Amino acid sequence: MEVLGNIHSIETCGTVDGPGIRFVVFFQGCPMRCQYCHNPDTWSNENNQLFSPSDILDKYNGVKEFCKGGITVTGGEPLLQIDFLINLFKLFKLHKIHTALDTSGITFNKDNPDKFNELIKYTDLVLLDIKHIDNAEHKKLTGHSNENILDFARYLSKHNVPVWIRHVVVPEITYNEKYLSELGKFLAELNNIKALDILPYHNMAIKKYEKLNIPYKLKETPPLLKEDALKARNIIISTYQKYHK
């Protein structure tokens, strides 16, 4: 019997979820409560739509001419359903389809990596979301420590799994020279980074929060200007270049 995945939704022709045009699968369920999250409807672990890996492959095959970049899984947090994820990626790799995992890495446990060792056999790329480099500030922003996330980043580097780093820059929270420099210094420890995506904070999810009757904690925070996003990126990269060997 195939393991079933709890899926929120599926999007075809994704253009910001890895290389090329992607087939994007949104997993249901997430342990974190990021204050700027634009998918709060994926937080709940309650069953939404149940799919087998072969169900998802069938859907991919129906649009594969338009999604030649491959499959990206996101959420929610896909690693909450790691058994299903392993089976899904294993099936897609059997069909020689590029696989990408968009994750925070929050569930990683460096003392029990067996399932992750299996997962990375079938993972071509990880889009790793680092929410905040400072642990105390990370807890304020997401409700969780960042220790597992940083451990996961080191693990991926050790196993030479290609990574795109993603970082949302929020005014007065992560748009801070000290924190951006610390992030660049941390990234300099890693040897597998293929891209850095700086994502300027926006507040376009406010209406969704209102509809779901969830308080939006950053309602008074203005969107980050493009020029400030560029400044943030330059701080991270210059620090990375200073410390990377």
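Small disclaimer: the values here were computed from a predicted structure and weren't measured.

### Some thoughts on the side chain of Asp-151
Logical step 1: When you line up the elements, Asp-151 lands in helix α5 (residues 147–158).
Logical step 2: For Asp-151, a relative accessible area of 15% puts it in the buried group.

### Section: the pairing of strand β6 (residues 125–129)
Logical step 1: Summarising burial for β6: 5 of the 5 residues are buried, a large majority.
Logical step 2: By the alternation rule, side chains of β6 split into Leu-125, Leu-127 and Asp-129 and Val-126 and Leu-128, which are all buried.
Logical step 3: Bridge count between strand β5 (residues 99–103) and β6: 4 bridges; the pairing is parallel. Pairing of Ala-100 across the sheet is with Leu-125, part of β6.
Logical step 4: Here β6 runs beside strand β7 (residues 163–169); their pairing, made up of 4 bridges, is parallel. In the sheet register, Leu-127 faces β7, and the bridge partner there is Trp-164.

### Looking at the packing of aromatic side chains
Logical step 1: Under the definition given, this model contains 10 aromatic pairs.
Logical step 2: Relative to Phe-152, the ring of Phe-108 lies with its centre 5.3 Å away and its plane at 45°, an arrangement referred to as tilted. In this pair, Phe-108 sits in the loop between β5 and α3 (114–119) while Phe-152 sits in helix α5, placing the two residues 44 residues apart along the sequence. An identical accessibility class is assigned to Phe-108 and Phe-152; each is buried.

Basis of the calculations
Residues numbered from 1 in each chain as written. Predicted model: local features only at pLDDT ≥ 70, side-chain atom pairs only at ≥ 80, totals over all residues. Heavy atoms only, no water. Helix = DSSP H or I, 4+ residues; strand = E, 2+ residues; numbered from the N terminus. Buried < 20%, exposed > 50% of the residue type's maximum accessible area, 1.4 Å probe, protein only. Pairing = 2+ DSSP bridges. Phe/Tyr/Trp six-rings, centres within 6.5 Å; stacked < 30°, edge-to-face > 60°.

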